[in-house]
Amino acid sequence: MDEHDKRRVGEQIEPGGRPKAPGRLELLQRFINSYNHDFPREWDRIGTPETAKAWLRQKRLVAPADRISEADVARLRELREAIRALAIANQGRQPGVAATDIIRRVSGGARISVAIDDTGRTALEPARRGVDGAVATLLGILHEAQLTGHWSRVKGCRQCGYAFFDRSKNRSAAWCAMSICGNRTKNRAYYRRRRTSTR
Ligand SMILES: [Zn+2]
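Residues numbered from 1 in each chain as written. Predicted model: local features only at pLDDT ≥ 70, side-chain atom pairs only at ≥ 80, totals over all residues. Heavy atoms only, no water.

Chemist: I'd like a rundown of the packing of aromatic side chains, residues and numbers included.
Modeler: Considering all chains together, one arrives at two aromatic pairs under this definition. When the ring of Phe31 is compared with that of Trp55, the centres are 6.1 Å apart and the planes differ by 45°; the resulting orientation is tilted. Taken together, the residues span a long stretch of sequence, with Phe31 in helix H2 (residues 25-32) and Trp55 in helix H3 (residues 49-58) at a distance of 24 residues. In terms of burial, Phe31 and Trp55 fall into one category: buried. Relative to Trp43, the ring of Phe39 has its centre 5.1 Å away and its plane inclined at 55°; by these criteria the two rings are tilted. For the residue pair Phe39 and Trp43, the accessibility class agrees, reading buried in each case. (Phe/Tyr/Trp six-rings, centres within 6.5 Å; stacked < 30°, edge-to-face > 60°. Helix = DSSP H or I, 4+ residues; strand = E, 2+ residues; numbered from the N terminus. Buried < 20%, exposed > 50% of the residue type's maximum accessible area, 1.4 Å probe, protein only.)

Dropping the structure here:
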């Protein structure tokens, strides 16, 4: 994968050609994957107030007039890593207390209301604007996905933390793409074995 493709991972490209998470969950998946820990720091799509605003605007999570501060960026990135920790915990572990504590704290200003349209269909909607509204929308998606059961299929890669949607029947996928992280893990184990055997 060249740099051009790497920069598109998480938005236009899914490692291993996996399908994206269904429905609105795709937005939450993209939020987690707005940064990949294998890539340079400056590739973080929400790393500065400017890039965060552009990304949130593109996803219609904030309005043109909304302001994004450095503190908002810090809050969003904290939330992202906490939700990533929940996705990694979907590999069959309990999420760390730190992650759930962060989500509790960050969600303090996030208010959700239940909207209903003329057909009687309900939807969760943010009650505030700006970053509080964006956080509310993202947490609303997390909640809905837990109700539908789709959330348990969103997994953080054991190697790089990338959030992928595990469509496998037995829900056994552990790496974002076997060809990248899976092989790397195997190679590392192989070299480790070889090193110890030649000692
Ligand atoms: Zn990975």
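Right, picking up where we left off after that structure.
Chemist: How would you summarise the pairing of strand S1 (residues 112-116) if you had to cite specific residues and measurements?
Modeler: Strand residues, when the strand is regular, have side chains that alternate between the two faces of the sheet. The pairing of S1 with strand S2 (residues 122-126) spans five bridges and is classified as antiparallel. Bridged to Ala115 within S2 is Ala123. Hairpin connection of S1 to S2: five residues between the antiparallel strands, including Gly120 at a positive phi of 95°. (Pairing = 2+ DSSP bridges.)

Chemist: Help me get a handle on unusual backbone geometry, residues and values and all.
Modeler: Here the phi dihedral of Arg60 falls at roughly 60°; this positive angle occurs in a residue that is not glycine. Within the secondary structure, Arg60 sits in the loop between H3 and helix H4 (70-89). One non-glycine residue, Arg171, adopts positive backbone phi at about 50°. Tracing the sequence through the fold places Arg171 in the loop between strand S4 (163-165) and helix H7 (178-198). Judged by relative accessible area, which is 38%, Arg171 ranks as partly exposed.

Chemist: Provide a residue-level description of the pattern of salt bridges, including the pertinent values.
Modeler: Under the counting rule described, the total for this entry stands at 18 salt bridges. Taking the shortest distance from any N to any O, the salt bridge between Arg75 and Asp72 comes out at 3.4 Å. Of this pair, Arg75 and Asp72 both sit in helix H4, three residues apart, which is roughly one turn of the helix. (Salt bridge = Lys/Arg side-chain N within 4 Å of Asp/Glu carboxyl O.)

Chemist: Let's hear about the packing of H4 against helix H6 (residues 130-148): which residues, and what values?
Modeler: The description of two helices packed together rests on the angle between their axes and the distance between the axes. With their axes 11 Å apart at the nearest point, H4 and H6 run at an angle of 10° to one another. Looking at the two axes, H4 sits roughly parallel to H6. Note on element contacts: H6 touches H4 through Val131, Asp132, Val135, Leu139 and Leu142, opposite Asp72, Arg75, Leu76, Leu79, Ile83 and Leu86. (Axes fitted to C-alpha atoms, helices over the stretch in contact; angles between N-to-C directions. Parallel < 35°, antiparallel > 145°, perpendicular 65-115°, else oblique. Contact = heavy atoms within 4.5 Å.)

Read these as geometric descriptors, not functional statements.
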